[in-house]
Amino acid sequence: MPDSHELEKKLSDMLTDGEPDYGDPEKREREQVSPKYEIRIQTELDPIVEETLKYRSMAKEVDDRYDAYMEKTKHSSTNKPLAEKKDSETEK
């Protein structure tokens, strides 16, 4: 088994010998450029609100971790989910 000095020398030689290979420079440049556009999809229903309202209709929550979010989105625990509101409005 080679001693530690030989291993250090081999490692040093491997790290310092020759030019480092960085791959295709054009490919590296493309990977470093951030995209100019960002795709965002606007939805009619907030899935977090809908799911929270559904859970609240089935059971009482142990904590109030979603209350701040629900207030921010102007929904309270007494409101119906948006999908149910639209159905009841179309029946009128």
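Residues numbered from 1 in each chain as written. Predicted model: local features only at pLDDT ≥ 70, side-chain atom pairs only at ≥ 80, totals over all residues. Heavy atoms only, no water.

Asks: Explain the overall build of the chain here, please?
Replies: Summing up its helical and strand segments, the chain has 5 helices and 0 strands in all. When the helices and strands of the chain are read in sequence order from the N terminus, they spell out α-α-α-α-α. Per-residue burial over the chain gives 9% buried out of 92 residues. Of all intrachain contacts in the chain linking residues separated by at least 6 positions in sequence, the fraction that spans at least 24 positions is 45%. Accessible surface computed for the chain: about 9,200 Å², of which carbon and sulfur atoms make up 53%. (Helix = DSSP H or I, 4+ residues; strand = E, 2+ residues; numbered from the N terminus. Buried < 20%, exposed > 50% of the residue type's maximum accessible area, 1.4 Å probe, protein only. Contact = heavy atoms within 4.5 Å. Areas by Shrake-Rupley, 256 points an atom, 1.4 Å probe, with all protein chains shown as cover.)

Asks: I keep staring at the confidence of the model for the chain and nothing clicks. Help me out?
Replies: Close reading of the predicted structure is inappropriate where its pLDDT is low. Per-residue confidence for the chain averages 77 on the pLDDT scale, and 77% of its residues sit at or above 70. The low-confidence segment residues 76–83, where pLDDT is below 50, has 17 contacts with residues more than four positions distant or belonging to other chains. (pLDDT = per-residue confidence, 0-100.)

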